[in-house]
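Now for the letters of each chain:
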Amino acid sequence: MNQTFLGIPKFGLAQQVWFLGGKGIVLSHTAEAGKWTYVVEMALGLEPLCGRVGAETMVVLNEAELRSWDRA
């Protein structure tokens, strides 16, 4: 769907957001099925004693599932 019909996305790139299950930073957004969909990189907790294995966790969420960090 075209961005013109959806308007501008509610959340910008690199914006801090929170959602049920965590918080993170918006990496990208795309218009899909008439809604804005966001890729969010979750914030990392404390590093475990064994160190980190692999990349950080990223989730794909709809705009309705996100809240702005400054309004939390």
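A brief look at the structure comes next.

Cut-off values and rules
Residues numbered from 1 in each chain as written. Predicted model: local features only at pLDDT ≥ 70, side-chain atom pairs only at ≥ 80, totals over all residues. Heavy atoms only, no water. Helix = DSSP H or I, 4+ residues; strand = E, 2+ residues; numbered from the N terminus. Buried < 20%, exposed > 50% of the residue type's maximum accessible area, 1.4 Å probe, protein only. Contact = heavy atoms within 4.5 Å. Polar contact = N/O pair within 3.5 Å; in protein donor to acceptor, adjacent residues only side chain to side chain.

So, on to the side chain of Thr 37. Looking at where Thr 37 falls in the secondary structure, it is placed in strand E3 (residues 35–42). With relative accessibility at 9%, the residue Thr 37 sits in the buried group. Setting aside chain neighbours within four positions, we find Thr 37 in contact with Ser 28, His 29, Thr 30, Glu 32, Val 60, Leu 61 and Asn 62.

This part takes up the side chain of Ser 68. For Ser 68, the location among the structural elements is in strand E5 (residues 67–68). Looking at Ser 68, its side chain comes within polar contact range of the side chain of Gln 15, at 3.4 Å. Sequence-distant contacts of Ser 68, that is, excluding residues within four places in its chain, are made with Phe 11, Gln 15, Gln 16 and Trp 18.

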